[in-house]
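A closer look at the structure
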Amino acid sequence: MIKNAKSKLLLLCVVMVCILSLPGCTTENKTVKQPEKVSEYGIPAPIEGISWGMTRDEALKVLDGKKYTAKEDPDSASSERITFEEPLKAFGKDAKVIMEIIHNKKYYEDGWYPNLDAELVFGFELEFSKEDGEAVHEQIKSLYGEGTADPFGLPDNYWYYSKEKIKDLKNEELEKAFVDLIVKRDRESDTGSTEEERIAIEEEILSRSLNSLNIAWNEDHYIVRIFAGHMLDIESLKAGK
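Described in the following lines is the structure provided in the data block. Chains are numbered independently. Their residues run from 1 in the order of the written sequence. Where local features are concerned, this predicted model is filtered to residues with pLDDT of at least 70; where side-chain atom pairs are given and counted, the filter is 80 or more; whole-chain, interface and lining totals use all residues. Computation of side-chain values: all heavy atoms of the structure, hydrogens and water removed.

Bringing the overall build of the protein chain into the picture now. Only DSSP runs of H or I with at least four residues qualify as helices, and only runs of E with at least two residues qualify as strands; both kinds are numbered from the N terminus onward. Counting its regular elements, the protein chain contains six helices and nine strands. Think of it in three bands: with a 1.4 Å probe and only protein chains considered, a residue is buried below 20% of the maximum accessible area for its type, exposed above 50%, and partly exposed in between. Across the 241 residues in the protein chain, those meeting the buried criterion constitute 37%. When the accessible area of the protein chain is evaluated, it comes to approximately 15100 Å², of which 53% is carbon and sulfur surface. Reported accessibility uses the Shrake-Rupley method at a 1.4 Å probe radius. Residues are deemed covered only where the shown protein chains occlude them.

Turning our eyes to something else, we now look at the pattern of salt bridges. Just to be clear on terms, a salt bridge is a Lys or Arg side-chain nitrogen sitting within 4 Å of an Asp or Glu carboxyl oxygen. Applying the stated criterion to the full structure yields 18 salt bridges. Note that Glu125 is salt-bridged to Arg225, the shortest N-O span being 3.6 Å. Taken together, the residues Glu125 in strand β5 (residues 119–129) and Arg225 in strand β9 (residues 221–227) connect sequence positions 100 residues apart. Taking the relative accessible area as the measure of exposure, Glu125 reaches 19% and is therefore buried. By relative accessible area, which is 24% here, Arg225 ends up partly exposed. In this structure, the salt-bridge partner of Glu235 is Lys238, at a minimum N-O distance of 3.6 Å. Of this pair, Glu235 and Lys238 both sit in helix α6 (residues 230–239), three residues apart, which is roughly one turn of that helix. Residue classification places Lys238 among the partly exposed positions, given a relative accessible area of 34%.

Attention now moves to the packing of aromatic side chains. When the centres of two rings from Phe, Tyr and Trp lie within 6.5 Å, Trp using its six-membered ring, the rings pair. Their planes under 30 degrees apart give stacked, over 60 give edge-to-face, and anything left gives tilted. All told, the structure shown has five aromatic pairs when counted by the stated rule. Relative to Tyr222, the ring of Trp217 has its centre 5.2 Å away and its plane inclined at 15°; by these criteria the two rings are stacked. Members of the aromatic cluster, connected to one another through ring pairs, are Tyr158, Trp217 and Tyr222.

As a further point, take the nonpolar core. Buried Ala, Val, Leu, Ile, Met, Phe, Trp, Tyr and Cys residues form a nonpolar core when they are joined through side-chain atoms within 4.5 Å. If you look at the biggest cluster of nonpolar residues, it comprises 53 residues, and the most contacted ones within it are Ile50, Met99, Phe124 and Leu126. For this core, the element with the highest residue contribution is helix α4 (residues 172–185), accounting for six residues. When checking whether two residues touch, look at their non-hydrogen atoms; a contact exists if any pair is within 4.5 Å. Among residues more than four places away in sequence, those in contact with Phe124 are Ala45, Pro46, Ile47, Ile50, Trp52, Val97, Ile98, Met99, Val224, Arg225 and Ile226.

Time to look at α4. Multiplying 1.5 Å by the residue count of a helix minus one yields the expected span of that helix. The end-to-end C-alpha distance of α4, which contains 14 residues, comes to 20 Å, matching closely the 20 Å that a straight helix rising 1.5 Å per residue would cover. Taken together, the buried positions of α4 are occupied by Leu174, Glu175, Phe178, Val179, Leu181, Ile182, Val183 and Arg185. Against α5 (195–206) and α6 lie the buried residues of α4. Here a polar contact means two N or O atoms within 3.5 Å. Within protein one must be a hydrogen donor candidate and the other an acceptor candidate, and residues neighboring in sequence count only if both atoms are side-chain atoms. Where α4 starts, the residue carrying a side-chain oxygen 3.2 Å from the main-chain nitrogen of Glu173 turns out to be Asn171.

Next up on the list: the pairing of strand β8 (residues 212–217). The element β8 is extensively covered by neighbouring structure, given that five of its six residues are classed as buried. In terms of strand pairing, strand β7 (residues 157–161) meets β8 through five bridges, oriented antiparallel. Bridge pairing in β8 places Tyr158 opposite Ile215. Where β8 meets β9, six bridges bridge the pair, whose relative direction is antiparallel. By the bridge assignment, Leu213 is partnered in β9 with Ile226. The pairing criterion for strands is at least two bridges between them, as found by DSSP.

Next comes the structure, spelled out in structure tokens:
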């Protein structure tokens, strides 16, 4: 019986060693730690590993080794465009990628997005071949619906919005903080002159989409632009808790 017990103990040890040798079962975690600023709502950043609320440096660290050039956006003194020299994967396809950075602290002393750092990932511009662009467009429609034609009547140009609105976050504290932020920043603290106006203003703010996506094309290629939008406001408010 002693011999059988020793045999069973030896077999158990062998099994445990095998289990601990399997991927994911080792006590030493060798997986790459993912950023904490990952939201489960809104239109996500299109490059794997990058999320809204990340700083310029955090995003470039995710894309470590990718060569790029950076220059100020000619249309805005408070932003920067980072162009990657080689294609990156977006929507499962190769794309020429420009990452847009907003210089948060140039807007206000405490930042357009309070509680967040000075240089933030604000958007992406993706250029696809015509064939890949058509496939990407089908993906976008399956995720966000048929889209809205450009309000200025530009041909072959559509806008898509996050399915979630601010009120869909189901967080009363966050919703109130968001309304207060927008009223102070965008409406210069104008809450309306009557209770009816105040309610209407609040409802309009809470009905806003979290962020948006624009797609346009011609006979040669497709351009997709994705914007952080109010996702940065939400990240800012969460960071201030």
